[in-house]
Amino acid sequence: LSPAFTPALIGSDGAAIKQAWPLILLFYLSAFLLMSMVVVGMTESALADAPVRRFFYFSFDRRVWRLFKAYLLSILIVLSVAVVVLVGLVIIGIVVAKVSGMSPDQMKNSLAVGLVAGLVPLLLTLGLFYFVVRQMVLLAPVVVAEETGGMRKAWTLSHCQFWRLLAIILATGVPAVLIGLVVRYRFLFDGLPPS
């Protein structure tokens, strides 16, 4: 986006990052919209009765916008739940500290506080992962195949299918990621990029 953005990010230059933020948001929303279009095109081809051969696909029909909206709503749900739980955890920590009279150093060394501080984020992550798998995997087929429906229908169809959906994600995603990493860092770039 901007040649100055990467050095600003590395140097933690808050003013430069703040100045570039609107462009970054616009870039990611545009990329997400284009990704939704690609997913709709691929899903349409996969669900077709006869093989669909296209050299070029470009469409912003209702299905693309519905999928884009559903993806954004799902992401907002995940972020909202994470923020509410983490803020709730901080508030509970403050209340426990006030009621028990423990100092911050005592709370850091407390086994119970350590278990809660480690267990709650782990459970939150697992719960959000469960939600994402159930909500997102069948979202594109539902949006493409039906005129109505979307998030609720995808959630209903994925009932009792979590492990099967996870196996499909792992069977298709892990090889694709590994091949992509090998191609990117063995053939396109000379080794890993600098941190």
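Presented here is an overview of the structure given in this document. Here the structure is a predicted model, which means the values were calculated and not measured.

Some words on the nonpolar core
Formed by 15 residues in total, the largest nonpolar core has its most connected members in V40, V64, L67, Y71 and L139. Those elements that provide at least two residues to this core are α2 (14–47), α3 (62–100) and α6 (139–145). Residues in contact with L139, not counting those within four places in the same chain, are L67, A70, Y71, S74, G150, M151 and A154. By size, the runner-up hydrophobic cluster in this structure holds five residues, among which are A82, L124, L128 and F131.

Let's talk about the environment of A140
Structurally, A140 is set in helix α6. The buried category is assigned to A140, whose relative accessible area is 5%. Separated by 99 residues in the primary sequence, A140 and G41 place their C-alpha atoms 9.9 Å from one another.

What about unusual backbone geometry?
One non-glycine residue, C160, adopts positive backbone phi at about 65°. Mapped onto the secondary structure, C160 falls in the loop between α7 (151–157) and α8 (162–188). The class for C160 is exposed, based on a relative accessible area of 66%.

Observations concerning the side chain of R63
With respect to the helices, strands and loops of the structure, R63 is situated in helix α3. Among the polar contacts made by the side chain of R63, one reaches the side chain of D61 at a distance of 2.8 Å. Once residues within four sequence positions are removed from consideration, R63 is found in contact with V40, E44, Y57, V143 and V144.

Some thoughts on α8
Compared with the 39 Å implied by 1.5 Å per residue over 27 residues, the 36 Å span of α8 between its first and last C-alpha is a close match. Along α8, the sharpest change in direction is near 25° and occurs at G173; proline P175 comes one to four residues later. Residues of α8 that are buried include every one of F162, L165 and L166, and no others.

Focus: α3
Here α3 is 39 residues long and its end C-alpha atoms lie 56 Å apart, about the 57 Å a rise of 1.5 Å per residue gives. Looking only at α3, the buried set comprises R63, V64, R66, L67, F68, A70, Y71, S74, V78, A82 and A97. At the C-terminal side of α3, G101 shows a positive phi close to 75°.

So, the environment of F68
Looking at where F68 falls in the secondary structure, it is placed in helix α3. On the basis of relative accessible area, F68 is assigned to the buried category, the value being 12%. Each C-alpha atom, one on F68 and one on L29, is 9.4 Å from the other, the two residues being 39 residues apart in sequence. F68 has contacts with L29, F32, L33 and S36, leaving out every residue within four places of it along the chain.

Here is what the cut-offs are and how they apply
Residues numbered from 1 in each chain as written. Predicted model: local features only at pLDDT ≥ 70, side-chain atom pairs only at ≥ 80, totals over all residues. Heavy atoms only, no water. Core = buried A, V, L, I, M, F, W, Y, C linked by side-chain atoms within 4.5 Å. Buried < 20%, exposed > 50% of the residue type's maximum accessible area, 1.4 Å probe, protein only. Helix = DSSP H or I, 4+ residues; strand = E, 2+ residues; numbered from the N terminus. Contact = heavy atoms within 4.5 Å. Polar contact = N/O pair within 3.5 Å; in protein donor to acceptor, adjacent residues only side chain to side chain. Expected span 1.5 Å × (residues − 1). Bend = angle between axes of the 7 residues up to and from the residue.

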